[in-house]
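If you want the building blocks of each chain, they are given just below.
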Amino acid sequence: MVARLGARSGRARLGLLAAVPVGICAVAAWALGRDEHAPRAYAPAAGEAASCEELSPAARRGKRIYQRGATEDGRAVEGAIAGGAAALSGREAACAGCHGPSGEGTTEGGVTAPPLAAERRLAASGERGGGAGQGRGTGDGAMTAAALVTAIREGRGPAGQWLSPVMPRYRLAEADLSDLVEYLDCVGRDLDPGVTAGSVALGAALPLTGPDAPAGVGARDVLMAAFAEVNARGGLYRRRLELRVEDSAGPAGDAGATARLLDRGVLALVGSAFDGDPALRARLSEERAPLVGPLALAGAPGLAGGAGAPGLAGGAGAPGLAGGAPGRARDVAAGADDMVFQVLPGPDVLARVAVKHLAGAPANAAAAALVVHTRDRAGEAWASGAREEAAHRELPPLSALPFEPGRLSPRDVADAARAHGAKAVLFWGPGAELASARAALDAAGSAVPIYASAGSIAGHAGALSRDLAGRVLFLYPGSLGERERASEDALRAFLRRAGVAPGPLGIQASAYVAAQIAIEALKRAGAHATREGLIAALERLRDFDAGPAPPVTFARNRRTGVFGASLLWMDPTSDTTVRASEWIEVVP
């Protein structure tokens, strides 16, 4: 497929950053929960419902135990399957893993975990009166609390019967157990940050002032338009979607803007600026606040295209979801504690695709490669991914040549390639330095292929593009061909329909994808909107079509939605990009 390289003016803006296991933690609080047709007539009184909107300190501690399997001071909850067949700890022992984030109950693998929401428990048992652990009298309420304690610790129901053997018997201190029981009286009726009876607030940290304001405003307008479209149809479960935006162009950057959003109270962040800052990532993980479809900060290879120039495969083609923005060096290692759900692959995955392609060429079956990369987080991720894939494919160890951005010595690239007998160069860095490295290799008589992210020249046309034509294989993780054209047409139609002013199309595409993923996950999470429910829904997305991006898949240990790329090269006679490979997928 051929697509013309479009021009892009101005400095780089923003770009796109790029199975829940079978639960065995708590199958039955007691036998009464097994009847799926149990009456549901019980509804908490208005005073009860209001009391759960703002949890007591004890209930907040209990919520942490229920959802995370950890106490407030960081101790992991421990439990054991009946007979000691298996021990569980931390998140694997969390009640929410089986009974659901809102206590709604689940069925998985033929095993049923009954509802734990107070009204379901009390309605099924015929009990009324006070709730468990809230101190609203004795009688039925106290009995319910006592039954809960017995079930949690001993695995026995209220009549003394043994519960399912896969229901863990938990070892909890008295204070922790009391906190958990108190929260169980509110599970399913408490409100997470940003949630009210009539609305769900989502946040985005975006540059609204300064030189990057056009990109930030463009992303904001698309997010608002996508949510307005949902609201016009009645919202989600009778709740309106609201967007709260903080300016990330201030002194504290996107970290400060994100902190302000979290302090204000938002359920999640969508299409928000993020440069991979570890401290910010840690805060998101601590608060269990998901970030869906982050936009990378300016200045890194792999940024989306600008206005009128969607990106490398731009023009009438892809809407500029160029890959290779800064990401973590190891997606899977981050696991479920990482709240950043990025769409397109980061440098590590793109480098793995390059090595897989190199290893698949018959002449390069045992090829060694030289990895040239910037000395920063993104460059180190590129090198790490290349080393990992090379080791997986039993290729010779890769040599690396790191450099400070803007200070590459082209002669060093040619000398290192010759000294190490490299059959290819894997380059991560700015397009101008990529062009100088290519010129040095040409001058040294080296014809080895060069692999680079398509984002390294996104927005560059003319001389730079021609300097790289015919020699460089560009890794592009976006859609191509008919899907590419259809997705751009659909995006432009949405922008016209919503009255969104023309702007950086790549940024608008990235924001649109982020919004569609968030909306779909909120739908799947159900009427009781919670962060844990949203996270679980995101982890269940499989091959979801979000528009101008390849199908997106997340999982419990997968936070990158697309795990592959195509290779393109530039035709020097026509200044167009040509597909050089089919889609190449790597294993998460």
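Parameters and conventions
Residues numbered from 1 in each chain as written. Predicted model: local features only at pLDDT ≥ 70, side-chain atom pairs only at ≥ 80, totals over all residues. Heavy atoms only, no water. Helix = DSSP H or I, 4+ residues; strand = E, 2+ residues; numbered from the N terminus. Buried < 20%, exposed > 50% of the residue type's maximum accessible area, 1.4 Å probe, protein only. Areas by Shrake-Rupley, 256 points an atom, 1.4 Å probe, with all protein chains shown as cover. Pairing = 2+ DSSP bridges. Contact = heavy atoms within 4.5 Å. Axes fitted to C-alpha atoms, helices over the stretch in contact; angles between N-to-C directions. Phe/Tyr/Trp six-rings, centres within 6.5 Å; stacked < 30°, edge-to-face > 60°. Lys NZ or Arg CZ within 6 Å of the ring centre and 35° of its normal. Core = buried A, V, L, I, M, F, W, Y, C linked by side-chain atoms within 4.5 Å. Right-handed = clockwise from strand over helix to strand, strands pointing away.

(A) Here's a closer look at the overall build of the protein. Secondary structure summary: the protein contains 18 helices and 21 strands in total. Residues classed as buried in the protein amount to 59% of the 588 residues present. Per element, the accessible surface of the protein, about 21700 Å² overall, is 54% carbon and sulfur.

(B) Region of the structure containing the environment of E388. If you trace the backbone, E388 turns up in helix α12 (residues 377-392). We classify E388 as partly exposed; its relative accessible area is 26%. For E388 and V355, which are 33 residues apart along the polypeptide, the C-alpha to C-alpha distance reads 9.4 Å.

(C) Layout of the sheet that holds strand β10 (residues 268-270). Strand order across the open sheet formed by 5 strands is β9-β8-β10-β11-β13, with parallel pairing between neighbours. At either end of the open sheet lies a strand with only one pairing partner, and these are β9 (240-247) and β13 (340-341). One ladder, built from 2 bridges, connects strand β11 (residues 291-292) with β13; its direction is parallel. Counterpart to L291 in the pairing with β13 is V340. Against the sheet, helix α8 (residues 253-264) engages β8 (199-206), β9 and β10, with an angle of about 140 degrees to β9.

(D) How the structure looks around the sheet that holds strand β3 (residues 78-80). Pairing is antiparallel across the open sheet formed by 3 strands, whose spatial order is β4-β3-β7. Strand pairing shows two members of the sheet lacking a second neighbour, β4 (87-89) and β7 (169-171), which therefore form its edges. Averaged over all pairs of adjacent strands, the angle between strand axes in this sheet comes to 25 degrees, irrespective of strand direction. Pairing of β3 with β7, which is carried by 3 bridges, proceeds in the antiparallel orientation. Within the sheet, the bridge partner assigned to A80 lies in β7 and is R169.

(E) Molecular detail of the packing of aromatic side chains. Applying the stated criterion across every chain yields a total of 5 aromatic pairs. When the ring of F341 is compared with that of F554, the centres are 5.2 Å apart and the planes differ by 85 degrees; the resulting orientation is edge-to-face. Here F341 is found in strand β13, whereas its partner F554 is found in the loop between α18 (531-539) and β19 (564-571), with 213 residues between them in sequence. Here F341 falls in the buried class, since its relative accessible area comes to 0%. The exposure class of F554 is buried, given its relative accessible area of 0%. When the ring centre of W162 is taken as origin, the NZ or CZ atom of R156, which lies over that ring, is 3.5 Å away.

(F) Molecular detail of the pairing of β9. Alignment of β8 against β9, held across 8 bridges, turns out to be parallel. Its bridge partner lying in β9, S199 is registered against R240.

(G) Looking closely at unusual backbone geometry. One non-glycine residue, Y237, lies in the positive phi region at around 55 degrees. Looking at the secondary structure, you find Y237 in the loop between α7 (213-232) and β9. The backbone phi angle of R288 is positive, close to 55 degrees, even though this residue is not glycine. Tracing the backbone through its elements, the reader meets R288 in the loop between α9 (278-287) and β11.

(H) Seen up close, the nonpolar core. Residues L284 and I517 are the most contacted members of the largest nonpolar core, which totals 66 residues. The biggest single contributor to this core is helix α17 (residues 505-525), with 13 residues. Apart from residues lying up to four places away in sequence, L284 is in contact with T258, L262, L269, A289, L291, M339 and V340. In this structure, V372, A422, F427 and L568 belong to the second largest nonpolar core, which totals 30 residues.

(I) The pairing of β8, seen in detail. Counting buried positions over the 8 residues of β8 gives 8, a clear majority of the element. Of the crossover connections in this fold, the one passing from β8 over α7 to the parallel β9 is right-handed. Direction of pairing for β8 relative to β10: parallel, over a ladder of 2 bridges. Paired with L202 across the strands is A268, a residue of β10.

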